[in-house]
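Letter by letter, the chains look like this.
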Amino acid sequence: MPNASPCLSSPSTALDEFDALLRASGSATRTLEAWVGVHHGDRAAALTAHIRALSAPCIDTAIMERLGVGQWSDIRYRRVWLASGGRVLSVAENWYVPARLDPAMAAQLSDGATPFGAVIASLVPTRETLSAKRLWDGLGNGSKLPAALLRHHALVRAGDGTPLCEVNEIYTRNILL
């Protein structure tokens, strides 16, 4: 008997699978793109970042410490919706150090629609999961999914270990629909 398509697994099992892939990945952007390609078939499209804010809600010294900067002014903030095919897949807050990127990368992040992971892909990023929380108990079927399913908080580093950014990501039910 052939293996069942990943699209046919239960929403709860699919969410567990996505969470495991994300924890093992160096890039949430690459993980989402691959996930959409497999699970959304012909609806798959490149991810687009829709900028929602460019001003951080508050100064956080813990973020400064994890990013290894001395002043809050060394950090830039970006809150985006990552979408594919008109569906918002995640809402991400990103605190990054533009001085650790080449000028073209920094410019692309400040006014572009390209996801952070796509912009920094040439830096061979890795992710350190600081926390992850499932926001849905797994009960109910696909038509009863809550808007937010999963939260990840991670530190993203360049391939050489240099901290580039800290992210808070909330993954929506659209990753399973």
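The structure we're discussing is the one just above.
To start, this report covers the structure provided alongside it.

We now examine the packing of aromatic side chains. A complete count under the given rule lists four aromatic pairs for this structure. With 5.2 Å between their ring centres and 70° between their planes, Phe 18 and Trp 35 make a pair best called edge-to-face. In this pair, Phe 18 is assigned in helix H1 (residues 11–24) and Trp 35 in helix H2 (residues 28–39), connecting sequence segments 17 residues apart. On the accessibility criterion, Trp 35 (3% relative accessible area) is buried.

Core analysis: the biggest nonpolar cluster contains 21 residues, and Leu 15, Phe 18, Leu 32, Leu 149, Tyr 171, Ile 175 and Leu 176 have the highest contact counts within it. Within the residue set of this core, elements represented by two or more residues are H1, H2, strand S2 (76–84), strand S3 (87–96) and strand S5 (148–157). Ignoring sequence-local partners within four residues, the contact set of Ile 175 consists of Leu 15, Phe 18, Leu 32, Trp 35, His 40, Leu 89 and Leu 149. Formed by 13 residues, the second largest nonpolar core is a distinct cluster that contains Phe 116, Ala 154, Ala 158 and Leu 164.

This next bit is on the sheet that holds strand S4 (residues 126–134). Across the sheet, six strands lie side by side as S1-S2-S3-S6-S5-S4; this open sheet has antiparallel pairing. Strands at the two margins of the open sheet, each flanked by one partner only, are strand S1 (48–53) and S4. On average, adjacent strands in this sheet sit at an angle of 25° to one another, irrespective of strand direction. When S5 meets strand S6 (residues 163–172), the two strands line up antiparallel, connected through nine bridges. The residue bridging Val 156 from the neighbouring strand is Cys 165, located in S6. Lying on the sheet, helix H4 (residues 103–111) is in contact with S1, S2 and S3; it crosses S3 at an angle near 130°.

Moving on: H2. For H2, which comprises 12 residues, the first-to-last C-alpha distance of 16 Å matches the rise-based estimate of 16 Å (1.5 Å per residue) to within 8%. Those residues of H2 that sit buried are Ala 28, Thr 29, Thr 31, Leu 32, Trp 35, Val 36 and His 39. Across the axial projection of H2, the buried residues extend over an arc of 160°, all falling on one side. The backbone nitrogen of Thr 29 lies 3.3 Å from a side-chain oxygen of the residue at the head of H2, namely Ser 27. Phi turns positive, to about 50°, at Gly 41, one or two residues after H2.

About the criteria used
- Residues numbered from 1 in each chain as written.
- Predicted model: local features only at pLDDT ≥ 70, side-chain atom pairs only at ≥ 80, totals over all residues.
- Heavy atoms only, no water.
- Phe/Tyr/Trp six-rings, centres within 6.5 Å; stacked < 30°, edge-to-face > 60°.
- Helix = DSSP H or I, 4+ residues; strand = E, 2+ residues; numbered from the N terminus.
- Buried < 20%, exposed > 50% of the residue type's maximum accessible area, 1.4 Å probe, protein only.
- Core = buried A, V, L, I, M, F, W, Y, C linked by side-chain atoms within 4.5 Å.
- Contact = heavy atoms within 4.5 Å.
- Pairing = 2+ DSSP bridges.
- Axes fitted to C-alpha atoms, helices over the stretch in contact; angles between N-to-C directions.
- Expected span 1.5 Å × (residues − 1).
- Arc of directions from axis to C-beta.
- Polar contact = N/O pair within 3.5 Å; in protein donor to acceptor, adjacent residues only side chain to side chain.

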